[in-house]
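Observations on the model geometry
Each chain is listed here by its residues.
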Amino acid sequence: MINKIRNGIESIRIFRSFRVRIFLVLLVVGIIPSLIIHAAILSSYEDRAVSVRESEVQNQLKIIANHLITYNYLQNPSNDVVAAELEQISNLYDGRVLIINSNFKVIVDTYNISVGKNIISKEVIRCFKGESITNYDRKNGFIEMTIPINELIMDAESGIENNVVKGVMLTSVSTDTIVMTMTILSRTAWIISIIVFICIFILATLFSRFLTKPFNKVTDAINDVSAGFTDQALAVPDYAETEQIVDAFNRVLSRIRVLDESRQEFVSNVSHELKTPITSIKLLAESLVAQEEVPAELYREFMEDIVGEIDREDKIINDLLELVKLDKTNGTLTIEEVNVNNMIELILKRLKPIAQRENVNLIFESSREVTAQIDDVKMTLAITNFVENAIKYNRENGNVRVLLDGDHQKFILKVEDTGIGIPEESIDHIFERFYRVDKSHSREIGGTGLGLAIARNIILMHRGTIDVESEIDIGTTFIITVPLNGSGK
Ligand SMILES: Nc1ncnc2c1ncn2[C@@H]1O[C@H](COP(=O)(O)OP(=O)(O)O)[C@@H](O)[C@H]1O
Ligand SMILES: [Mg+2]
């Protein structure tokens, strides 16, 4: 039920505004107490005024009751003093007084309507037993009082004085004046309430605007950033909440900035890397053109250099395309069941000629047969890159050991070499695109600086991890761990 009401309110667009909600809460909180006070004051005035009136009238009636006895009025209703008193009370309170004797007969009625009639009502009977009864008839606006007329009579035998009820006074007094005062009071209270309402309305409007201002500031600041006016970190420290929002936004902003910087750096690296072979080609070609009658051997030599540079350009472009393809098809692996032992043997067979050229020993050791759910083509490319590096950054007559192990969850591949090693401060960077520890050496042996970036992407796509251990001039070990169901599904 509450949820239904809530949904109903939520569906009205204006109630979804934080400011409108604060405004309504302030309005309700401000107005309800004033309405309660209004009602409470009126009702407590009424109670008090009625009880004061009752005791006033009661006192007067008691005095009259005494006089009735003193002047023996019940037997002989013709005393002027009493008549005047009755007159006075009925005038004063706009009321009516009836006096009933012990035979239940009305002997006095200030309205002169019921004289001589008998009244045997419940109240009268109770009153003859000594009880005073007071009734406030709110609806018709009068108080009805029934009070006994007592005479003190001494018991002849015991000598004890007893009150004996000789008659009953039945009185009704109007409460019109009380009602009138209440009407005036109520009107005043309404006027005050309306003034309070207007004040609270104005205050709630101002206050809700004031309270929500910091949130508008946040929106404005974010809009400024998205419109491109600024990319400075925002600060709206007005509330802890706005600070949190802005902090979160700043974190996103700085992440975007980092991404943007790395994108710019990548573009400038690409341009630079692509330009280098072209510059060489241009220099070689120009120096041939500049010379007259160049010997054929020199021509051949320069041309071979030019072909080498073109090959290099081609390799960079191919690696770049590979990298872009990996980024683009992020997550789309062609998973199949692959025998990892066979896969590695094939890779080593393909790399054998390079290893022989570099005089490096290739050793494969496997402690078990491993089959895994992986992308054959991509994983082959990644492992080739690790093994190729181990061959290229090795020393004369060095060794490359490829160790395969695994359990029921993952396989672990170690590529160990006895090469030049990687300086500690470079280990964190070798997976970055175009990063090379020694640019000229890497260039000499045909590196593009993209191999490990590609390999890392592929291993991450398989939800695997890569660890590197390295010591300068002793060797490097890459430890690659890949789950057997490499897609992670
Ligand atoms: N087995 C290794 N031994 C020593 N250095 C290595 C090894 N593997 C990678 N490196 C360093 O990391 C750099 C980045 O490797 P990679 O991305 O494959 O680029 P490259 O095209 O230069 O081989 C290399 O230039 C080299 O300095
Ligand atoms: Mg490489």
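Thresholds, definitions, all that
Residues numbered from 1 in each chain as written. Chains lettered and ligands numbered in written order. Predicted model: local features only at pLDDT ≥ 70, side-chain atom pairs only at ≥ 80, totals over all residues. Heavy atoms only, no water. Helix = DSSP H or I, 4+ residues; strand = E, 2+ residues; numbered from the N terminus. Buried < 20%, exposed > 50% of the residue type's maximum accessible area, 1.4 Å probe, protein only. Contact = heavy atoms within 4.5 Å. Areas by Shrake-Rupley, 256 points an atom, 1.4 Å probe, with all protein chains shown as cover. Near = heavy atom within 4 Å. Polar contact = N/O pair within 3.5 Å; in protein donor to acceptor, adjacent residues only side chain to side chain. Nonpolar A, V, L, I, M, F, W, Y, C, P; charged D, E, K, R; others polar. Salt bridge = Lys/Arg side-chain N within 4 Å of Asp/Glu carboxyl O. Phe/Tyr/Trp six-rings, centres within 6.5 Å; stacked < 30°, edge-to-face > 60°. Lys NZ or Arg CZ within 6 Å of the ring centre and 35° of its normal. Pairing = 2+ DSSP bridges. Axes fitted to C-alpha atoms, helices over the stretch in contact; angles between N-to-C directions. Parallel < 35°, antiparallel > 145°, perpendicular 65-115°, else oblique. Domains from an automatic or database assignment. Patch = residues over 30% accessible without salt bridge, like charges linked within 9 Å, V, L, I, M, F, W, Y side chains within 5 Å. Left-handed = near helix turned anticlockwise from the far one by under 90°. Expected span 1.5 Å × (residues − 1). Arc of directions from axis to C-beta.

**Concerning the overall build of the protein**
When its secondary structure is counted, the protein shows 12 helices and 12 strands. Projecting the C-alpha coordinates of the protein onto the three principal axes gives extents of approximately 165 × 60 × 35 Å. Burial statistics for the protein: of 489 residues in total, 36% are counted as buried. Expressed as a percentage of contacts within the protein between residues at least 6 apart in sequence, the contacts between residues at least 24 apart total 65%. Counting every atom, the protein has about 29,900 Å² of accessible surface; 55% of that belongs to carbon and sulfur.

**Comments concerning the site of ligand 1**
Inspection of the region around ligand 1 gives 20 residues, with Tyr393, Ser442, Thr448, Gly449 and Leu452 positioned closest. Separating an oxygen atom of ligand 1 from a side-chain N or O atom of Asn389 is a distance of 2.8 Å. In this structure, an oxygen atom belonging to ligand 1 sits 2.8 Å away from a side-chain N or O atom of Tyr393. Summarising the interface, the protein chains cover 97% of the accessible area of ligand 1, which totals 530 Å² for the free molecule. Elements with a contribution of two residues or more to the shell around ligand 1: α9 (376-392), α12 (451-461) and β12 (475-483). Broken down by element, the residue count for the shell around ligand 1 peaks at three residues, all from α9. Partitioning the shell around ligand 1 into residue classes produces nine nonpolar, eight polar and three charged.

**Regarding the pattern of salt bridges**
This model, assessed by the stated rule, comprises 17 salt bridges. Linking Arg126 and Glu131 is a salt bridge whose minimum nitrogen-to-oxygen distance equals 2.8 Å. Taking the relative accessible area as the measure of exposure, Glu131 reaches 36% and is therefore partly exposed. In this structure, Arg357 engages Glu358 in a salt bridge whose closest nitrogen and oxygen atoms are separated by 4.0 Å. A single network of salt bridges, built from pairs that share partners, joins Glu273, Arg436 and Lys439.

**Describing the packing of aromatic side chains**
One pass over the structure, following the stated rule, counts nine aromatic pairs. Here the aromatic rings of Phe207 and Phe210 are separated by 6.3 Å at their centres, their planes lie at 35°, and the arrangement is tilted. In this pair, Phe207 and Phe210 both sit in helix α5 (residues 176-227), three residues apart, roughly one turn of the helix. Where Phe215 meets Tyr239, the ring centres are 5.9 Å apart and the plane angle is 45°; that geometry is what we call tilted. Highlighted residues: Phe215 in helix α5 and Tyr239 in the loop between α5 and α6 (240-290), separated in sequence by 24 residues. For Tyr239, a relative accessible area of 24% corresponds to the partly exposed category. Positioned over the ring face of Phe266 is Arg433, at 4.1 Å from the centre of the ring.

**As for the sheet that holds strand β5 (residues 161-174)**
The strand order across the open sheet built from five strands is β2-β1-β5-β4-β3, with neighbouring strands paired in antiparallel fashion. In this open sheet, the two edge strands, each paired with only one partner strand, are β2 (106-109) and β3 (133-137). Across the sheet, the mean angle separating the axes of adjacent strands is 20° when strand polarity is ignored. Pairing of strand β1 (residues 96-101) with β2, which is carried by three bridges, proceeds in the antiparallel orientation. Residue Ile99 lies in a different strand from β2, and its bridge partner there is Val108.

**Some remarks on the packing of α5 against α6**
Following both chains from N to C, one finds α5 and α6 inclined at 10°, their axes separated by 10 Å at the closest point. As judged from the angle between their axes, α5 and α6 are roughly parallel. Where α5 abuts α6, its residues Pro214, Phe215, Val218, Ile222 and Val225 lie against Thr242, Ile245, Val246, Phe249 and Leu253. Across the contact of α5 with α6, the residue classes tally to nine nonpolar, one polar and no charged.

**A look at the domain arrangement of the protein**
We note that the domain assignment places domain 1 (21-181) and domain 2 (332-483) within the protein. Inter-centroid distance (C-alpha atoms) of domain 1 to domain 2 is 111 Å.

**Some details on a nonpolar patch on the surface**
Where nonpolar side chains cluster on the molecular surface, the patch consists of Leu35, Trp190, Ile194, Phe197, Ile198, Phe201, Ile202 and Leu206 and spans about 770 Å² of accessible area. If one sorts the elements of the nonpolar patch by residue count, α5 sits on top with seven residues. Following the sequence through the fold, Phe201 ends up in helix α5. Residue classification places Phe201 among the partly exposed positions, given a relative accessible area of 39%.

**Focus on the packing of helix α2 (residues 18-70) against α5**
Their axes nearest at 8 Å, the elements α2 and α5 cross at an angle of 160°. Accordingly, the angle class assigned to the pair α2 and α5 is roughly antiparallel. In this structure, α2 crosses over α5, and the sense of that crossing is right-handed. Of the residues assigned to the contact of α2 with α5, the class counts are 24 nonpolar, 10 polar and four charged.

**Quick word on the sheet that holds strand β11 (residues 465-471)**
The strand order across the open sheet formed by five strands is β7-β9-β10-β12-β11, and the pairing between neighbours is mixed. One side of each edge strand has no neighbouring strand; the edge strands of this open sheet are β7 (361-366) and β11. Each strand of the sheet is rotated relative to its neighbour by a mean of 10°, with strand direction disregarded. Strand contacts of helix α8 (residues 340-357): β7, β9 (399-406) and β10 (410-417), with the helix running at about 175° to β7, the strand carrying the most contacts. Against the sheet, α9 engages β7, β9, β10, β11 and β12, with an angle of about 25° to β10.

**Concerning helix α3 (residues 80-92)**
Look at α3: 18 Å from first C-alpha to last across 13 residues, which is about the 18 Å you get at 1.5 Å a residue. Within α3 the residues assigned to the buried category are Val82, Glu85, Leu86, Ile89 and Ser90. One side of α3 holds all its buried residues, which, seen down the axis, span an arc of 125°. Away from its buried face, by an angle of more than 90 degrees, α3 presents the exposed residues Asp80, Asn91 and Leu92.

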